Amino acid sequence: MFSFLKPQKTVTVTANLPTCLTDAQRAARYDGPVQEALASWGVGSVTGGTSVGEAAGRVTGCTVTMQIKGLDKKLMDRLVPHFESLGAPRGSVFTDDDGKELRSFGSTQVLVLELDMAGLPDAVKAEHKTDELLERINHKISSGGRFMGQRDFDKTTELYFHCRAIRNVEAALAELLADHPLCAGARAFPLAA
């Protein structure tokens, strides 16, 4: 009887996201907006996050850890679309303290555009900037994908996009890959989930 008077249990929930975002990019794209949502719902807070990568330096996964009070199906049904509205990729899962999967989610795929910066002449790099290229890409892909971040390596620059229909975005990028000076030697590929 009077079960509504019982204190609600607080649990740790971790969102595991197969994406290339660095710590700073993840914090801006996920941690902050999720913290705002949890606070506005009055159910908890983000307590941490990580970005994990390969030996070569590319990030291949991120986590967002949350303390949530009164986690139930109804609250999980609010969390899933919120994460998906932020661009959560397919293959994402919520897990509990023990690593048990609570629910899978995600509505996008990660597309990596790798620019061969080492192979470009200095004059091309001086005349063309990735910001200008990104502006053209965003115009081309329209609502089919969302730019999520950039990472500069010794010889390459990688641009990360979360796409609802990856083939449509690849097709939209094909023209740029063929004629934009920064795209000489570039390649686009999906991140394996």
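Above this text you will find the structure in question.
All figures in this text were calculated on a predicted structure; none of them were measured in a lab.

(A) Quick look at the sheet that holds strand β3 (residues 59-69). Across the sheet, which stays open at both edges, the five strands sit in the order β2-β3-β1-β4-β5 with antiparallel pairing between neighbours. Single-partner strands in this sheet number two, and they are β2 (44-53) and β5 (101-105). Between one strand and the next, the sheet's axes are offset by a mean angle of 20 degrees, whatever the strand orientation. Note: strand β1 (residues 10-17) against strand β4 (residues 92-95), three bridges, orientation antiparallel. Note on β4: the bridge partner recorded for N16 is V93. The strands touched by helix α1 (residues 23-41) within the sheet are β1, β2 and β3, with β2 carrying the most contacts at an inclination of about 160 degrees. Those strands touched by helix α2 (residues 73-85) are β1, β3, β4 and β5, and its axis lies near 40 degrees from that of β5.

(B) Spotlight on the pairing of strand β7 (residues 145-152). In the sheet, β7 pairs with strand β8 (residues 156-163) via seven bridges, with the strands oriented antiparallel. Within β8, the position partnered with G149 by the bridge is Y160. As consecutive antiparallel partners, β7 and β8 are separated by three residues.

(C) Expanded view of the nonpolar core. Of all hydrophobic cores here, the largest spans 24 residues; its most connected members are Y30, L38, M66, L79, F83, F94 and F105. Taken together, the elements giving at least two residues each to this core come down to β1, α1, β3 and α2. The residues touching F83, leaving out its near neighbours within four places in the chain, are A15, L17, Y30, V34, M66, A88, F94 and F105. Among the nonpolar cores identified, the runner-up in size contains 22 residues, and L113, L115, L133 and I137 belong to it.

(D) Spotlight on the sheet that holds strand β6 (residues 109-116). Strands sit in the order β7-β8-β6-β9 across an open sheet of four strands; the sheet is antiparallel. For this open sheet the edge positions go to β7 and β9 (187-190), each flanked by a neighbour on one side alone. The mean inter-strand angle of the sheet, taken between neighbouring strand axes irrespective of direction, is 20 degrees. Each of β7 and β8 touches α1; the most contacted strand, β7, lies at about 160 degrees to it. The sheet contacts of helix α5 (residues 166-179) involve β6, β7, β8 and β9, and relative to β6 the element is tilted by about 15 degrees.

(E) Region of the structure containing the state of the cysteines. In this structure the tally under the stated criterion is zero disulfides. Residue C20 stays outside any disulfide, its sulfur separated by 8.2 Å from that of C62, the closest cysteine. Judged by its relative accessible area of 2%, C62 falls in the buried class.

(F) Geometry of the side chain of H180. Position of H180 among the secondary structure elements: in the loop between α5 and β9. A distance of 3.0 Å separates the side chain of H180 from the side chain of E132, its partner in a polar contact. Contact partners of H180, with chain neighbours within four places excluded, come to H128, E132, L133 and R136.

(G) How the structure looks around the packing of helix α4 (residues 130-141) against α5. For the pair α4 and α5, interaxial distance at closest approach is 9 Å and the crossing angle is 140 degrees. In the crossing of α4 with α5, the sense of the turn from one axis to the other is right-handed. Contact residues: L133, R136, I137, K140 and I141 in α4; V169, A172, L173, E175, L176 and D179 in α5. Looking at side-chain class alone, the contact of α4 with α5 contains seven nonpolar, no polar and four charged residues.

(H) Structural detail: the pattern of salt bridges. Counted under the stated rule, the structure contains seven salt bridges. Where E114 meets R187, a salt bridge forms, and the shortest distance between an N and an O atom there is 2.7 Å. With E114 in strand β6 and R187 in strand β9, the pair connects residues that are 73 residues apart, well separated along the chain. The exposure class of R187 is partly exposed, given its relative accessible area of 43%. Between K140 and E175 there is a salt bridge; the shortest N-O distance is 3.0 Å. Note that K140 is positioned in helix α4 and E175 in helix α5, a separation of 35 residues in sequence. When its relative accessible area of 31% is taken as the criterion, K140 is described as partly exposed. Given the relative accessible area of 46%, E175 is considered partly exposed.

Thresholds, definitions, all that
- Residues numbered from 1 in each chain as written.
- Predicted model: local features only at pLDDT ≥ 70, side-chain atom pairs only at ≥ 80, totals over all residues.
- Heavy atoms only, no water.
- Pairing = 2+ DSSP bridges.
- Helix = DSSP H or I, 4+ residues; strand = E, 2+ residues; numbered from the N terminus.
- Axes fitted to C-alpha atoms, helices over the stretch in contact; angles between N-to-C directions.
- Contact = heavy atoms within 4.5 Å.
- Core = buried A, V, L, I, M, F, W, Y, C linked by side-chain atoms within 4.5 Å.
- Buried < 20%, exposed > 50% of the residue type's maximum accessible area, 1.4 Å probe, protein only.
- Disulfide = S-S within 2.5 Å.
- Polar contact = N/O pair within 3.5 Å; in protein donor to acceptor, adjacent residues only side chain to side chain.
- Left-handed = near helix turned anticlockwise from the far one by under 90°.
- Nonpolar A, V, L, I, M, F, W, Y, C, P; charged D, E, K, R; others polar.
- Salt bridge = Lys/Arg side-chain N within 4 Å of Asp/Glu carboxyl O.

The values reported here are purely geometric and, on their own, carry no functional implication.
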